[in-house]
Amino acid sequence: MSTEETLSNLLHETRRFEPPAELAESANVKAEVYARAAGDREAFWAEAAERLTWAEPWTRVLDDDNAPFYQWFTGGKLNAAYNCVDRHVEAGLGDRVAIHWVGEPVDDKRTITYTDLQREVAQAANTYAAMGVGSGDCVAIYMPMIPEAIVAMLAAARIGAIHTVVFGGFSAEALAARVEDCGAKLIVTADGGWRRGAHSALKPTVDEAIEKLGDRGKVSNVLVVRRTGQDIDWNADLDVWWHDSVATASTEHTPEAFDAEHPLYVMYTSGTTGKPKGIKHTTGGYLTQAAYTHWAQFDLKPDTDVYWCTADIGWVTGHSYIVYGPLANGVTQVLYEGTPDAPERGRWWKIIEEYKVSLFYTAPTAIRSFMKQGDAIPAACDLSSLRVLGSVGEPINPEAYVWYKTVIGGGAPVIDTWWQTETGATMMTPLPGVTAAKPGSAMGAFPGITVDVVDDEGNSVPNGSGGYLVVTSPWPSMLRTIWGDDQRYVDTYWARFKAQGYYFAGDGAKKDEDGDIWVLGRVDDVMNVSGHRLSTTEIESALVSHPYVAEAAVVGATDPDTGQAVVAYVILRESAPGDCERELSDHVRKEIGPIAKPKRIMVVPELPKTRSGKIMRRLLRDLAEGRGVGDTTTLADSSIMELIAAGKAAATDE
Ligand code: WT7
């Protein structure tokens, strides 16, 4: 479907879903919050920050002296791990379950209370310290979805070390690039994890990544959790078992308070150029907004709710809405290791039934794949515990939204939360007890946040029009910079609407007749595949690094299952054999990871370029989405598209 078609479909969407009366009645936040927050944004966020425990109070809420290098809660000191763990134990909630962990093999389960978590985080913090890791050092985490992954993050935070979690599906190249960029001293990993009924190795990838780093980079230890028991190589100089070190360390550890602006983590994400950007988040503002939004948008009742977010901790959603937001709020949550269809397609629904999950957060791509499998699978489970459902990662189409709400949620409100790695926490969403939500719309800014849709000049567009989505004032959980590259931070996010001082998110959006906002997707060369951001240039670089490839152009084409799919057009060198598409596709998998693997690779004789040599991806996208050749007038050689289109029939789906 073209963007125009999507748009006109969206504009015909007239359904609205009022909040259930009972939920509205007892909701954590009511309609008055919007006016109150707008009345004094700083006071509103200061009140949200008061929900945390501070070792020293801040002297200034927002410091905008050196924009766009904003600071929040200046002078305040706190410890993020203490806020997520110890303070709940001190409040008498030590026996509350923090994590119901569910391994992929059925019956492989663990229950971890806040007291258990406190002990294990203290042990890991002591272990890190004994390895010479301290405040300001970087710890890379490359792990499956096991409780130790959360412990590894919190232990870093506890000692003021900066963590960078690398998604376990990334390749050795991608891991090495991140370890190098942040200068990690320690890598925490596992032998492997369970994926689709089999062991999926992690430690060998770490070994390979370390080999790629000249002289190991700064890595002085690799801490390894034994999860699967599979055979791994052991390097006695570097490798330490978790069960020999963390498990035997002291359970006493006194947390030190760090500055509100002390870095908490770096999360790498794709941008428009090949090199991933290390998004730097700091402590006080980040934790404030992660915790407050989580509490407000899910109407969280920590004493009674059971929460489950299906994201991987390797993405920002896992950071903000598995680790920092929920744990700061003292929730009980489910953590699931495996794939949704292992060992059977109803696995997720069985987990919801077993743990009586009440708040559930997932991505549209997952919802669409379940929808395809039919209603019978979820109908076999009792899902009546669900009371608020969340969606994140990409626009949710109205059909999937309504299916999610009715078949899974039995009518429960759906919050469509729009945010980004850079924003750290939710920026737009309906509120479950307040908003009459429209399926497919993120509706409007979260209280205390200001967004707008603007034209090329930065003027607010009228209702009924589209434009660029911008954030018009700083927010607590905003990124502080790109790790090691302040200039790129300014250029990427603040240059487009410099005159207005707006943050440009990279998304296009539309205001409907009521002024509600519909996010349409990226306007730059960034794709969104299954809710994961991938850069076209990153995949192109991977392709041209293969000896068979002379040139490559990658586009994201609309895909019914994954939102967008990676489609690559390649020009081969003469030395290349015929039929090498699979080999090229495997090469991308090796260079970046399985998520970046092209769904289709088309071998073409030429690529469409403007006279100045810029590849016209728009034309390739039209072709990949089956819209024919379109307007080729700006091409240097207008016959090229005919050539490419003629060859297209020969390309096969992988
Ligand atoms: C991009 C950010 C937010 C954590 C997961 C992805 C798209 C995200 C929505 C939504 C429409 C959405 C945007 C955004 N996106 N949520 N509810 N509706 N689009 O984080 O990898 O940083 O990607 O995801 O295009 O810019 P990310």
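Residues numbered from 1 in each chain as written. Predicted model: local features only at pLDDT ≥ 70, side-chain atom pairs only at ≥ 80, totals over all residues. Heavy atoms only, no water.

Draft legend 1. Highlighting the overall build of the chain. From N to C terminus, the chain includes 21 helices and 30 strands. Against the globule reference of 26 Å for 654 residues, the chain gives a C-alpha radius of gyration of 24 Å, in line with a compact fold. Each of the 654 residues in the chain was classed as buried or not, and the buried ones make up 60%. Contacts spanning at least 24 positions in sequence make up 71% of the contacts within the chain whose residues lie at least 6 apart. (Helix = DSSP H or I, 4+ residues; strand = E, 2+ residues; numbered from the N terminus. Rg over C-alpha atoms; globule rule 2.2 N^0.38 Å. Buried < 20%, exposed > 50% of the residue type's maximum accessible area, 1.4 Å probe, protein only. Contact = heavy atoms within 4.5 Å.)

Draft legend 2. Representation of the pairing of strand β27 (residues 532-535) within the structure. Across the two faces of β27 the burial is the same, with His532 and Leu534 and Arg533 and Ser535 all buried. Summarising the sheet, strand β26 (residues 526-529) and β27 pair through four bridges and their orientation is antiparallel. If you follow Val529 over to β27, its bridge partner there is His532. Hairpin connection from β26 to β27: two residues lie between these consecutive antiparallel strands, with Ser530 at a positive phi of about 50 degrees. (Pairing = 2+ DSSP bridges.)

Draft legend 3. Here's a closer look at the sheet that holds strand β22 (residues 466-471). Taken together, four strands build an open sheet; the order of strands is β21-β22-β24-β25 and the sheet is antiparallel. Strand pairing shows two members of the sheet lacking a second neighbour, β21 (451-454) and β25 (517-522), which therefore form its edges. Here the average twist between neighbouring strands, direction ignored, is 45 degrees. Where β21 lies against β22, four bridges are found, and the strand directions are antiparallel. Pairing of Asp452 across the sheet is with Val470, part of β22. (Axes fitted to C-alpha atoms, helices over the stretch in contact; angles between N-to-C directions.)

Draft legend 4. The layout of surface pockets, seen in detail. Counted as a void, the second largest pocket has a volume near 330 Å³. Listed by contribution, the elements that provide at least two residues to the lining of the second largest pocket are α8 (172-182) and α18 (536-544). Broken down by element, the residue count for the lining of the second largest pocket peaks at seven residues, all from α8. (1 Å grid on protein atoms, 1.4 Å probe; cavity = no way out; pocket = protein on both sides within 12 Å on 5 of 7 lines; lining within 4 Å. Points joined across faces, edges and corners; volume = space filled by probe spheres on them.)

Draft legend 5. The arrangement of the site of the ligand in detail. In the region of the ligand, 18 residues are neighbours, and Asp416, Thr417, Thr421, Asp507 and Arg533 sit closest. Note that a nitrogen atom of the ligand is positioned 3.1 Å from one of the backbone N or O atoms of Gly393. Separating a nitrogen atom of the ligand from a backbone N or O atom of Pro395 is a distance of 3.4 Å. Listing elements by their share of the shell around the ligand, those giving two or more residues are α12 (316-328), β20 (414-417) and β25. Looking at the shell around the ligand, its residues break down into six nonpolar, seven polar and five charged. (Near = heavy atom within 4 Å. Polar contact = N/O pair within 3.5 Å; in protein donor to acceptor, adjacent residues only side chain to side chain. Nonpolar A, V, L, I, M, F, W, Y, C, P; charged D, E, K, R; others polar.)

Draft legend 6. Highlighting the confidence of the model for the chain. Taken as a whole, the chain shows an average pLDDT of 93; of its residues, 96% reach a score of 70 or greater. Every residue in residues 649-654 is under pLDDT 50, and counting partners more than four places away or in other chains gives eleven contacts. (pLDDT = per-residue confidence, 0-100.)

Draft legend 7. Structural detail: the environment of Arg522. Tracing the backbone through its elements, the reader meets Arg522 in strand β25. Spatially, the C-alpha atoms of Arg522 and Gly285 are 26 Å apart, while their sequence positions differ by 237 residues. With residues up to four places along the chain from it excluded, the contact list for Arg522 reads Gln420, Ala505, Gly506, Asp507 and Arg533. At 3.2 Å, the side chain of Arg522 forms a polar contact with the backbone oxygen of Ala505.

Draft legend 8. Structural context of the pattern of salt bridges. Tallied over the entire structure, the rule returns 41 salt bridges. A salt bridge links Asp561 to Lys372, with the nearest nitrogen and oxygen atoms 2.7 Å apart. Of this pair, Asp561 sits in the loop between β28 (549-559) and β29 (563-572) while Lys372 sits in helix α14 (residues 364-373), and the two are 189 residues apart along the sequence. Lys511 serves as the salt-bridge partner of Asp452, at 3.0 Å between the closest nitrogen and oxygen. With Asp452 in strand β21 and Lys511 in strand β24 (residues 503-511), this residue pair connects regions lying 59 residues apart in the sequence. Lys511 carries the same exposure label as Asp452, and that label is buried. Salt bridges linked by common partners bring Arg16, Lys438, Asp512, Asp514 and Asp516 together as one network. (Salt bridge = Lys/Arg side-chain N within 4 Å of Asp/Glu carboxyl O.)

Draft legend 9. Up close: the sheet that holds strand β16 (residues 306-309). With mixed pairing, seven strands are arranged side by side in an open sheet as β5-β4-β17-β16-β18-β19-β20. A single partner strand is all that each edge strand has here, and the edge strands are β5 (109-113) and β20. Across this sheet, the average inter-strand angle for adjacent strands is 20 degrees, counted without regard to direction. For strand β19 (residues 388-392) and β20, the ladder comprises four bridges, and the chain directions are parallel. If you follow Gly390 over to β20, its bridge partner there is Ile415.

Draft legend 10. Summary view of empty space enclosed by the protein. Applying the stated rule across the entire model yields five cavities of 30 Å³ or more. For the lining of the largest cavity, the secondary structure elements donating two or more residues are α16 (398-408) and β20. Here the residues of the lining of the largest cavity are counted per class, giving ten nonpolar, one polar and two charged. Approximately 50 Å³ is the volume attributed to the second largest cavity. Grouping the constituent residues of the lining of the second largest cavity by class yields seven nonpolar, four polar and no charged.

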